[in-house]
Amino acid sequence: MFRNVQVGGLRYILTRLLLMIPTLFLVMVIIFLLVRLLPGDPAIAMAGDRASDAELEAIRERLGLNEPMLVQFWLFLSNTLQGDLGRSILMRAPVTQTIFDRLPTTLLLTFLAMLLSLLIAGPLAFVAALRRGRIADTVIRSTFQVGLSTPVFYLGLLLLTFLAAGLHWFPVGGYGDTFVSNLYHLILPAMTVALYTSAIIMRNLRSAVIEVLDAEYVQFARAKGLADRLILGRHVLRNALISTVTLVGLSIGNLMSGTLVTETVFAVPGLGRLMLEAIFARDYPLIQGLTLTFAVLVSLVFLLTDLFQSWLDPRMRAT
Amino acid sequence: MTDSQAASVEATVRRRSRTGQALRKPGFMIGVGIIGLSTLLAIFPSVFAPYDPNFIDYNAVRQPPSWAHPFGTDLLGRDSLSRVIWAYSVNMQMAVFATVFAFTIGVVVGALVGYYRGVADMIFGRLVDAIITFPFLVLVIAVVAVLGPGLVNMYIAITVVGWVYYARLMRAETIAQMGNDYAAAGRVMGYSNARIIFRHLLPNAITPVIVYWMTDMALAILLGSSLGYLGLGAQPPQAEWGVLIAEGRNFITTAWWMSLMPGIAIVLTGLGFSLIGDGLADLLRPRG
C-alpha cells in the first residue's frame, strides 16, 4: 500500500519545508517591528534603564541602530540565524541559553497535556458520536461546553486548591529534581490545559466521526452485513485518526497559550512563566526571543502534522 | 397579490418559523437569558449591587458568605458580591471592545482581498500563515508588553492579532459567494465593484463571520480575564473578574469565596455567549 510513498513523499517533504521559509521570514518581520514600535530609544529598551554608555553603544553597534531600517533588519536576521538573540537583562545571560535551559520543561508539559487531551477527548468523542442525541451524548457535550467556558487559570486554581492543597494528592507547585518527580509535578498543570483543549478536540472529533458514520462506504458496509465492530475498526477508526491528528496539530497554539497560563498558576519554571517575568522586567531581548521560540515550535508541529497526515492519507499531497 | 408581495409574505412566514425554531431550542434560550441578565447587570450595576464596590471596611476583612455579604468580603473588607456585579460592566465591555474592531476590519479586508485576489491576496495569505504560527496568547501578550498593561492597550493588542481570523473567514466566504449567478449578474448590469462587494457579496458572506463573532465574544471574556489575572489587563483596584480571582489567590485555602465566585461569573457568561453562538450557527445554516 505504501510502495510508492517514498519518492512522492520525499518531494512532498521538500516542498513543505520550502513553504516554511516565507512564513518564518514574515514571523521575523513581525517580531522585528514589534520592538521597533516601542517609544524612545530601542538601545535603552534592549539594555535596560541602568545600562552604561559603553553598553548602550555596544547594543547600537550590534543592532545597527544608526543604520537604515533595512540594514537593521538584515542584522537582526543574520544575528538570529547565528543563534544570537542578544542578552537577557533579567537573567544576565545570553537569551538563547536562557531559553534552552527552560525549553525541556515546557516541551514535557506540552507533550503531557497533548497526551492527556487525546486520552480524554478520543474515547468520549466516539461514545458521543455513536450515542448521538441520547443522554450520554448530551451529558458529554454539556460538560465539555462548560469546560470550554472555563478559563485555564481558574481551572488550574480549582485543581490546585482541591487536589493539591486539600487532598494532598499532588504537589502544590514547582518542578522537582528527578525526571519522575518532574512528571509528578507536571500532572496537574498538564491536566488543567488538557481539560480545555480536549473540549475543542472532542467537539470537532465528534462531528468528524459522525460524518464518517454517515458516509456512503460505511452505510454500504452496514448493508453488506459487516459486524459493527469490524466497521468501526476498519473504516471509522482509520478515517477518524486523520481528523484527530489534524485537530491535535492545529490545537498546538491553544495548547501553548494554555501552558503559558498554567505555568504561572503552578509556578512551573518553563518558557511561559519566563515570558511573564520578562514582560514585568521589560526585558525586551528575552520577550523577542521567547516570541520567536513559540512561533518556531508551533510551525514545527504544523510541519509534523502535515507530514503525518500525508503519510496516513496520500491524497493530501496533491494540494 | 403581486409577485414581490407574495415573496415578502413568504419571507415573513419563513422568518417566523425560523424564530419559532430558535425559541424551541433550550440551549439557545438559556444563552439569551444569561446574556440578557448579564447585560442588565453590566448597564445598571449600581441598581443590583448591595454595597459600594470600593467601600473599605477594616472591621469586616475576609468574612465568609453570610446574609449581609452573600459572597463574603475580600482582603480589604469590600463586599465581594458588589465587586462581582460591578465587574460585569468591565467584562461585558470586553466582549464588545475586544471583538468589534477586529470584526469590522476583518470583514472589510476579507471582502476586498477575496474579491480582488491578486498580489494583495498573496501577501494576505502569507500574513495569515505567519500570524497563526504564533500562539494567540503569546502574540497578544507580546504586544501588551510593548504598549504597557491596561484595558485599552489590551483591546488594541487583541484587535491587532484578532482581525486576521475574521478576515480569513470572510475571504473564504466572499470567494464562495462569487461563484453564484447573482455576482456575475451584478457585473453584467455594470454595477461598480464597491456596490457588488458591499451591497451584494458582503450581506451574503457575512453570516458565518457573525456566528464566529459570538464564539469570539466568549473567548474575549476568557482572554480578558486571563490577562487581568496575569496583571496585564484591567488593573486593581478596578473590579474585574480576573483581577478579583488574582486578589483571592493567596487566600484560596482560607477565604475560598474571594476567587470562587468571580470564576463562576466568567464560566456562566462564557457559556451564555457560546450557547448563543451554537444556536445561531444551527439557525443560520443554509439548508437545501
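Residue numbers restart at each chain and count upward from 1, following the sequence in its written direction. Chains and ligands are labelled sequentially in the order written, the chains with letters from A and the ligands with numbers from 1. Side-chain atom pairs in this predicted model are given and counted only at pLDDT of 80 or more, local residue features only at pLDDT of at least 70, and totals for whole chains, interfaces and linings cover all residues.

(A) Molecular detail of the overall build of chain B. Along chain B, the regular secondary structure elements total 13 helices and zero strands. In sequence order, the secondary structure elements of chain B are arranged as α-α-α-α-α-α-α-α-α-α-α-α-α. Reported as C-alpha extents along the three principal axes, the dimensions of chain B are approximately 75 × 50 × 25 Å. Put simply, chain B has 288 residues, and 49% of those count as buried. We call two residues in contact if the C-beta atoms placed from their backbones are at most 7 Å apart. Across chain B, every contact between residues at least 6 apart in sequence was considered, and the portion connecting residues at least 24 apart equals 69%. In this text, helices come from DSSP runs of H or I with a minimum length of four residues, and strands from runs of E with a minimum of two, each type numbered from the N-terminal end. With C-beta atoms placed from the backbone, the exposure class of a residue follows from how many other C-beta atoms lie within 10 Å of its own: 20 or more, buried; 12 or fewer, exposed; in between, partly exposed.

(B) The arrangement of the overall build of chain A in detail. Secondary structure assignment for chain A yields 13 helices and two strands. Dimensions of chain A, computed from the C-alpha atoms along their principal axes, are close to 80 × 55 × 35 Å. Looking at chain A as a whole, 38% of its 319 residues qualify as buried. Partitioning the intrachain contacts of chain A with sequence separation of at least 6 by distance along the chain shows that 69% fall at a separation of at least 24.

(C) Up close: the interface of chain B and chain A. Contact residues are listed per partner, giving 34 residues for chain B and 36 residues for chain A. Mapped by element, the contributors of at least two residues to the side of chain B that touches chain A are helix 6 (118–131), helix 7 (136–147), helix 11 (207–230) and helix 13 (257–284) of chain B. Ranked by residue count, the leading element in the side of chain B that touches chain A is helix 7 of chain B, at eight residues. As a working rule, the residues Ala, Val, Leu, Ile, Met, Phe, Trp, Tyr, Cys and Pro are called nonpolar, Asp, Glu, Lys and Arg charged, and the rest polar, with Gly in that last group. Looking at side-chain class alone, the side of chain B that touches chain A contains 23 nonpolar, eight polar and three charged residues.

(D) Quick peek at the packing of helix 7 (residues 152–166) of chain A against helix 11 (residues 252–265) of chain A. Residue and element names in this part refer to chain A. One can describe the packing of helix 7 onto helix 11 by two numbers: an axis separation of 9 Å at closest approach and a directional angle of 40 degrees. Crossing geometry of helix 7 relative to helix 11 is assigned as right-handed. Two secondary-structure elements touch here, helix 7 through V152, F153, G156, L157 and L160 and helix 11 through G258, V261, T262 and V265. Class assignment for the residues of the contact of helix 7 with helix 11 results in six nonpolar, three polar and no charged. Between the N-to-C directions of two axes lies an angle of 0 to 180 degrees, each axis being a line fitted to C-alpha atoms and, for a helix, fitted only over the stretch in contact. The handedness criterion is simple: a crossing whose near helix is rotated anticlockwise from the far helix by less than a right angle is left-handed, and one whose near helix is rotated clockwise is right-handed.

(E) Inspection of unusual backbone geometry at higher detail. Note the cis peptide between B:P236 and B:P237, where omega equals 10 degrees. On the secondary structure map, B:P237 appears in the loop between helix 11 and helix 12 (241–248). For A:H168, which is not glycine, the phi torsion reads 60 degrees and is therefore positive. You can see A:H168 is positioned in the loop between helix 7 and helix 8 (179–214). Within the chain, A:A267 stands out as a residue other than glycine whose phi angle is a positive 50 degrees. Structurally, A:A267 can be placed in the loop between helix 11 and helix 12 (271–280). For A:A267, a count of 14 C-beta atoms within 10 Å translates into the label partly exposed.

(F) Expanded view of the environment of B:P64. Residue and element names in this part refer to chain B. Along the chain, P64 turns up in the loop between helix 3 (45–48) and helix 4 (80–97). Here P64 falls in the exposed class, since 12 other C-beta atoms lie within 10 Å of it. Sequence spacing of P64 and D129 is 65 residues, and the spatial spacing of their C-alpha atoms is 50 Å. Setting aside residues no more than four positions away along its own chain, P64 makes contact with G72 and W257.

(G) Summary view of the nonpolar core. In this usage, the nonpolar core is the set of buried Ala, Val, Leu, Ile, Met, Phe, Trp, Tyr and Cys residues whose C-beta atoms join them within 7 Å. Counting 171 residues, the largest nonpolar core has B:I141, B:I158 and B:Y166 as the members making the most contacts within it. Sorting elements by how many residues they give to this core places helix 8 of chain A first, with 16 residues. Apart from residues no more than four positions distant in its own chain, B:I158 is found in contact with B:A98, B:A102, B:V140, B:A220 and B:L223.

(H) Structural detail: the packing of helix 5 (residues 95–130) of chain A against helix 13 (residues 284–312) of chain A. Residues and elements named next belong to chain A. For the pair helix 5 and helix 13, interaxial distance at closest approach is 10 Å and the crossing angle is 50 degrees. Viewed along their axes, helix 5 and helix 13 adopt a mutual orientation that is oblique. As for the relative orientation of helix 5 and helix 13, their crossing is right-handed in sense. Listed contacts from helix 13 to V95, T96, T98 and I99 of helix 5 are P285, L286, G289, L290 and T293. Convention used here: angles under 35 degrees read as roughly parallel, angles over 145 as roughly antiparallel, angles from 65 to 115 as roughly perpendicular, and any remaining angle as oblique.

(I) How the structure looks around helix 4 of chain B. All names here are of chain B. An ideal rise of 1.5 Å per residue puts 26 Å on 18 residues; helix 4 measures up with 25 Å between its terminal C-alpha atoms. Where helix 4 bends most, the angle comes to about 30 degrees, and this point is Y88. Burial analysis of helix 4 places 14 of its 18 residues in the buried class, the great majority of the element. Residue count minus one, scaled by 1.5 Å, sets the expected span of a helix. Bend is the name given here to the angle between axes fitted to two runs of seven residues, the run ending at a residue and the run starting at it.

(J) The arrangement of the confidence of the model for chain B in detail. Residue and element names in this part refer to chain B. Known as pLDDT, the predictor's per-residue confidence is scaled from 0 to 100. On average, residues of chain B score 86 in pLDDT, and 91% of them are at 70 or above. Helix 5 (residues 100–116) holds the highest mean pLDDT among the elements of chain B, 94, whereas helix 1 (residues 3–24) holds the lowest, 61. The ipTM, which scores confidence in the relative placement of chains, is 0.85 for this predicted complex, and the corresponding pTM is 0.86.

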